[in-house]
Amino acid sequence: MPAPKNTFKQALKDKRTQIGFWQALANPYTVEISADAGYDWLLLDGEHAPNDVPLLMAQLQAMKGSSSHAVIRPPIGETWMVKQMLDIGAQTLLIPMVESKEQAETMVKAVRYPPHGVRGVGAALARASRFNRIPDYLQTANEEICLLLQIESRAGLAALDAIAAVDGVDGVFIGPADLAADMGYLGKPGAPEVQAEVEKALLKIQSHGKAAGILIGDLALARRYVDLGASFVAIGNDVTLFANATSKLLADFNAAQPSKGAGEAKVY
């Protein structure tokens, strides 16, 4: 029996658009709710959310059986950290702050077993192999790992051709918020100067035969990126959605006029 099929990786190969949603509340319950909403993928964020390895594993468990695919973003691209993410069962990783071909090559080695890489052989103890109940896991795991690299600086853009050309990289993701800050437009990822670089980068990634991805809360821009060929696009995050909804609920209450009739009360 081989390693589980990575349907997300196959979808990227087939150039099928995958729409995603960011998970930063660091809670298996909210991840479980989101996993049944119909998104193709959910990003479990270990970089900017208060997540650790056991908590990320709990969120993977909460997604089990759903149609959404889990993508984990570790805090940084370190080989030992990548090993932990893979062993708890992640098959797709998004590595932040990649700025060189050398970093890209290091991450390719980190997600592969020897002799093609340096991933530690501890599958017998790992959730990834269903605790050694997948007999062919070691022989088949490499093919089902999807490696996505995140470019979010001017240095990354300058090295984009070299990064995207690395064999074993499945996709490259543009981070507009950090890129905007590095370009001098802190908090303004929608600035025309930033958007011009983003669009050029998305096209450049595809010219190397790699999947292009991005996170953007502006739905019109998200549609624009899909039209440009971006194949994995996240359109929002749970923190902002919840924060906006709670603020709006209170504002709506304060603006509401008393009802003249009893009406029907909502029961939760």
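Anyway, here's the lowdown on the structure attached to this text. Note that the structure is predicted; figures quoted are calculated from it, not measured.

**Considerations on the overall build of the chain**
Item 1. From N to C terminus, the chain includes 12 helices and 8 strands.
Item 2. Taken over C-alpha atoms, the radius of gyration comes to 20 Å for the chain, in line with the 18 Å a tight globule of 268 residues would show.
Item 3. The C-alpha extent of the chain, read off along each of the three principal axes, is 75 × 45 × 30 Å.
Item 4. Within the chain, the proportion of its 268 residues that are buried is 44%.
Item 5. Of the contacts made within the chain by residues no fewer than 6 positions apart, 63% connect residues no fewer than 24 positions apart.
Item 6. As presented, the chain carries roughly 13,800 Å² of accessible surface, and 56% of it is formed by carbon and sulfur atoms.
Item 7. Between the averaged position of the 25 positive side-chain charges in the chain and that of its 29 negative side-chain charges there is a distance of 4 Å.

**A look at a nonpolar patch on the surface**
Item 1. On the surface, Leu25, Val239 and Phe242 cluster together into a nonpolar patch covering about 260 Å² of accessible area.
Item 2. Turning to its location among the elements, Val239 is positioned in helix H12 (residues 238-255).

**Quick word on the layout of surface pockets**
Item 1. There is about 650 Å³ of room inside the largest pocket.
Item 2. What lines the largest pocket is a set of 22 residues, among which Pro4, Lys64, Gly89, Gln91 and Arg127 lie closest to the centre.
Item 3. Sort the elements by how many residues they give to the lining of the largest pocket and helix H3 (residues 53-63) lands first, with 3 residues.
Item 4. Looking at side-chain class alone, the lining of the largest pocket contains 9 nonpolar, 9 polar and 4 charged residues.

**Digging into helix H6 (residues 137-144)**
Item 1. All buried positions along H6 are accounted for by Tyr137, Ala141, Asn142 and Glu144. The arc that holds the buried residues of H6, viewed along the axis, is 170 degrees, so those residues lie on one side. Exposed residues on H6 whose side chains face more than 90 degrees from its buried face are Gln139 and Glu143.
Item 2. For H6, the secondary structure elements touched by its buried residues are helix H1 (7-13) and strand E5 (146-151).

**Comments concerning the packing of aromatic side chains**
Item 1. Scanning all chains against the criterion turns up 8 aromatic pairs.
Item 2. Between the aromatic rings of Trp22 and Phe173, the centroid separation amounts to 5.8 Å while the plane-to-plane angle is 35 degrees, which identifies the pairing as tilted. Here Trp22, found in strand E1 (residues 18-23), pairs with Phe173, found in strand E6 (residues 171-174); they are 151 residues apart in sequence, far enough to count as distant. Comparing Trp22 with Phe173 shows no difference in burial state: the two are buried.
Item 3. Centroid distance Trp41 to Phe232: 6.1 Å. Interplanar angle 65 degrees. Geometry classified as edge-to-face. One end of the pair, Trp41, is in strand E2 (residues 41-45); the other, Phe232, is in strand E8 (residues 232-237), and 191 residues separate them in sequence.

So, how was this worked out
- Residues numbered from 1 in each chain as written.
- Predicted model: local features only at pLDDT ≥ 70, side-chain atom pairs only at ≥ 80, totals over all residues.
- Heavy atoms only, no water.
- Helix = DSSP H or I, 4+ residues; strand = E, 2+ residues; numbered from the N terminus.
- Rg over C-alpha atoms; globule rule 2.2 N^0.38 Å.
- Buried < 20%, exposed > 50% of the residue type's maximum accessible area, 1.4 Å probe, protein only.
- Contact = heavy atoms within 4.5 Å.
- Areas by Shrake-Rupley, 256 points an atom, 1.4 Å probe, with all protein chains shown as cover.
- Lys, Arg positive; Asp, Glu negative; His and termini not counted.
- Charge placed at Lys NZ, Arg CZ, Asp CG, Glu CD.
- Patch = residues over 30% accessible without salt bridge, like charges linked within 9 Å, V, L, I, M, F, W, Y side chains within 5 Å.
- Salt bridge = Lys/Arg side-chain N within 4 Å of Asp/Glu carboxyl O.
- 1 Å grid on protein atoms, 1.4 Å probe; cavity = no way out; pocket = protein on both sides within 12 Å on 5 of 7 lines; lining within 4 Å.
- Points joined across faces, edges and corners; volume = space filled by probe spheres on them.
- Nonpolar A, V, L, I, M, F, W, Y, C, P; charged D, E, K, R; others polar.
- Arc of directions from axis to C-beta.
- Phe/Tyr/Trp six-rings, centres within 6.5 Å; stacked < 30°, edge-to-face > 60°.

Read these as layout, nothing more, since geometry by itself doesn't imply function.
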